[in-house]
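# Close look at the chain arrangement
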Amino acid sequence: MKLKAIINRVLPSRRWKIVSIVLLGVISGSGMLFLYVLRAHTYLGDDPSACVNCHIMAPYYATWFHSSHSRDATCNDCHVPHDNFVKKWVFKGMDGMRHVAVYLAKGEPQVLQAIPESSKVIMNNCIRCHTQLNTEFVKTGRVDYMMVQVGEGKACWDCHRDVPHGGKNSLSSTPAALVPYPASPAPAWLKKLMKQ
């Protein structure tokens, strides 16, 4: 009953209630359309083709696809933490929102480089996947990214620069990269109307 009293106080007339319901529908519908056009649903899985929703990722997808890692690892295997479910999704969400903010502000560089938080995750995932090689065969022990930051060892990419993306990449370095660009989300009737 308290909820009904609050609604009646905020929206005293039937007209205000109808207007608010219509506005809520328009805002919700616009939000869902925005997420659909951005193909936000593709980021919920582990399919690497979701990464090329942004054209700037095409060189990274193409070089990964032709590397040895494409047989066994997806983008998420290397670029998000695997400690636990919550940490993975919080990191993925925060990193994705940072990417969106940089892209919307037209601040993306021609050559992308991992920020320190991402570098730490990437190196820890290298170690996670290559634990047997790291501890039994080469006997390097565990050198983590924080140790590298203070000069107590090397990061994996200090020696393995071209793994898995083939060194420095940019849109101009792989101009004809064949990648699975997403189909346009525009409906067929709208495309037909736009051609006229």
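Residues numbered from 1 in each chain as written. Predicted model: local features only at pLDDT ≥ 70, side-chain atom pairs only at ≥ 80, totals over all residues. Heavy atoms only, no water.

## Here we look at the nonpolar core
Judged by nonpolar contacts, V52, A58, Y61, A62, W64, A177 and V179 together constitute the single largest core of 7 residues. Excluding residues that lie within four positions of it along the chain, V179 makes contacts with V52, A58, Y61 and A62. Residues M123, Y145, V148 and A155 belong to the second largest nonpolar core, which totals 5 residues. (Core = buried A, V, L, I, M, F, W, Y, C linked by side-chain atoms within 4.5 Å. Buried < 20%, exposed > 50% of the residue type's maximum accessible area, 1.4 Å probe, protein only. Contact = heavy atoms within 4.5 Å.)

## Some remarks on the packing of aromatic side chains
Tallied over the entire structure, the rule returns 5 aromatic pairs. When the ring of Y61 is compared with that of F65, the centres are 6.0 Å apart and the planes differ by 15 degrees; the resulting orientation is stacked. Of this pair, Y61 and F65 both sit in helix α3 (residues 58-65), separated by 4 residues, roughly a single helical turn. Exposure remark for Y61: the relative accessible area of 12% places this residue in the buried category. On the numbers, 6.3 Å between centres and 50 degrees between planes, the contact of F85 with W89 is tilted. (Phe/Tyr/Trp six-rings, centres within 6.5 Å; stacked < 30°, edge-to-face > 60°. Helix = DSSP H or I, 4+ residues; strand = E, 2+ residues; numbered from the N terminus.)

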